[in-house]
Amino acid sequence: WALAFGLAARIGRGWRRVCLAAVLLAAVEVARSHLLTGFPWALIGYLWIDAPQAQIASVFGPYGLTLATTLVAALGAVWIGRDRRWLAAPAVALAVVTSVGFWGSHRLIAADPYTGAPPLLRLVQPNAEQRLKWDVDLAREFFQRLLTATATPPGGARPDLIIWPESSVPYLLNGPGPLLDEIARAAASTPVAMGAVRRIDGLYYNSLVVTDSEGDIALTYDKHHLVPFGEYVPFGEVLGRLGIRGLATSQGGGYSPGPGPRVLDLGPAGRALPLICYEAIFPQHLRAATRPDWVLQITNDAWFGEISGPYQHLAQARLRAIEQGLPLVRAANTGVSAVIDAKGRITAALGLGHQGHLDARLPPALPPTLYARTGDWPAFALLLLLAFAFASPFRRKPD
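1. A short note on the sheet that holds strand β10 (residues 337–340)
And then number 1: With mixed pairing, 6 strands are arranged side by side in an open sheet as β6-β7-β8-β9-β10-β11. Single-partner strands in this sheet number two, and they are β6 (264–265) and β11 (346–350).
And then number 2: Alignment of strand β9 (residues 328–332) against β10, held across 3 bridges, turns out to be antiparallel. Residue pairing for β10: valine 329 is matched across the bridge by valine 339.
And then number 3: Across the face of the sheet, helix α9 (residues 309–324) comes into contact with β8 (294–299), β9, β10 and β11 while running at roughly 160° to β9.

The following block contains the structure:
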């Protein structure tokens, strides 16, 4: 942010300097989201998540929403210290915010498409504290919590899919064995999607494993966008000998990345695009070659404790749903586990710090949004155009 304001102060003039600062602030948010593997956590535009204005992300995406937010703020500031004729600028800002709000409200109340009987999903939340999660003396207790919630009879129809959080299985899960037999007995022929660590040819993967009705491993997805210094450390094999390791794994080299996004055919539960934890903050990871019916996120937000982190992560997942027009289901170790509809609204949830399970129907998907079809390029092009316009040497006359 200091870079954005510093450049604006150096190459901007007059009221255009304020607008240029807004554009460059959005630009450095884009840079933060992509450089050095990227970290687009809590972009400025997320402040609208509980307001109807957030629906414009279905058109312009998160970076367009951030740009609109900074420009509106700039228009509200350019009149300060000037005469009354400059009050037109904040008036325009107010008109834009109000108009987008009306449009978003209309989108929220529009009827959703009817797609027949939706799949029934069970989300399991074991609530294993991070400081205790990998304690060898408690591993069996946490695993038993998962089995108990899985085996609990439903109040009505049987779930089409049971979902456990990221790394919820406290043992390596490579293939058939007693562990899968226990899960199969608890699930009683219902497929289970679970977070587990796999070891293949000496490499470790943070994975989503899906069992079939017989309890055998039917599908796997390996997390491909790993957390730097959390799930891997550059030159990990060398630094591991010095005791420097990733936070989420005891292996010196950390986890290995999977091949990339893929859509999983879950039978009666439809086609899901899996995301593991951190991957849900990257909007580009949801633009798969084949459009899924819904998005499945498994996560372990116990790392954050019980303050703002889990709620920020949830808010970002909600914006992913708005952008794509797809429902998103997240199973979190300590919460918040939630079912989110294609307009970003939470339809069912298990609160932070609660243990238990939740049975909920999957909301319908919407037709592909404009953002789903175009991606971020329109927002990037607009950023360049506005940066040139406000910094152009032909416009540097004193006001």
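From this point, the narrative continues.
2. Some remarks on the sheet that holds strand β3 (residues 192–200)
And then number 1: Strand order in the open sheet formed by 6 strands is β5-β4-β3-β2-β1-β12, and the pairing between neighbours is mixed. Strands at the two margins of the open sheet, each flanked by one partner only, are β5 (217–222) and β12 (356–361). The mean inter-strand angle of the sheet, taken between neighbouring strand axes irrespective of direction, is 35°.
And then number 2: Sheet contacts for helix α6 (residues 139–151): β1 (120–125), β2 (161–163) and β12; angle to β1, the most-contacted strand, approximately 155°.

3. Examining unusual backbone geometry
And then number 1: In this chain, glycine 335 is followed by valine 336 through a cis amide linkage whose omega measures 5°.
And then number 2: In this structure, valine 336 sits in the loop between β9 and β10.
And then number 3: Even without a glycine there, the phi angle at leucine 36 is positive, about 55°.
And then number 4: Look at leucine 36 and you get exposed, because its relative accessible area is 83%.
And then number 5: Positive phi, normally seen in glycine, also occurs at serine 189, with a value near 80°.

Criteria and cut-off values
Residues numbered from 1 in each chain as written. Predicted model: local features only at pLDDT ≥ 70, side-chain atom pairs only at ≥ 80, totals over all residues. Heavy atoms only, no water. Pairing = 2+ DSSP bridges. Helix = DSSP H or I, 4+ residues; strand = E, 2+ residues; numbered from the N terminus. Contact = heavy atoms within 4.5 Å. Axes fitted to C-alpha atoms, helices over the stretch in contact; angles between N-to-C directions. Buried < 20%, exposed > 50% of the residue type's maximum accessible area, 1.4 Å probe, protein only.

Geometry only, nothing functional implied.
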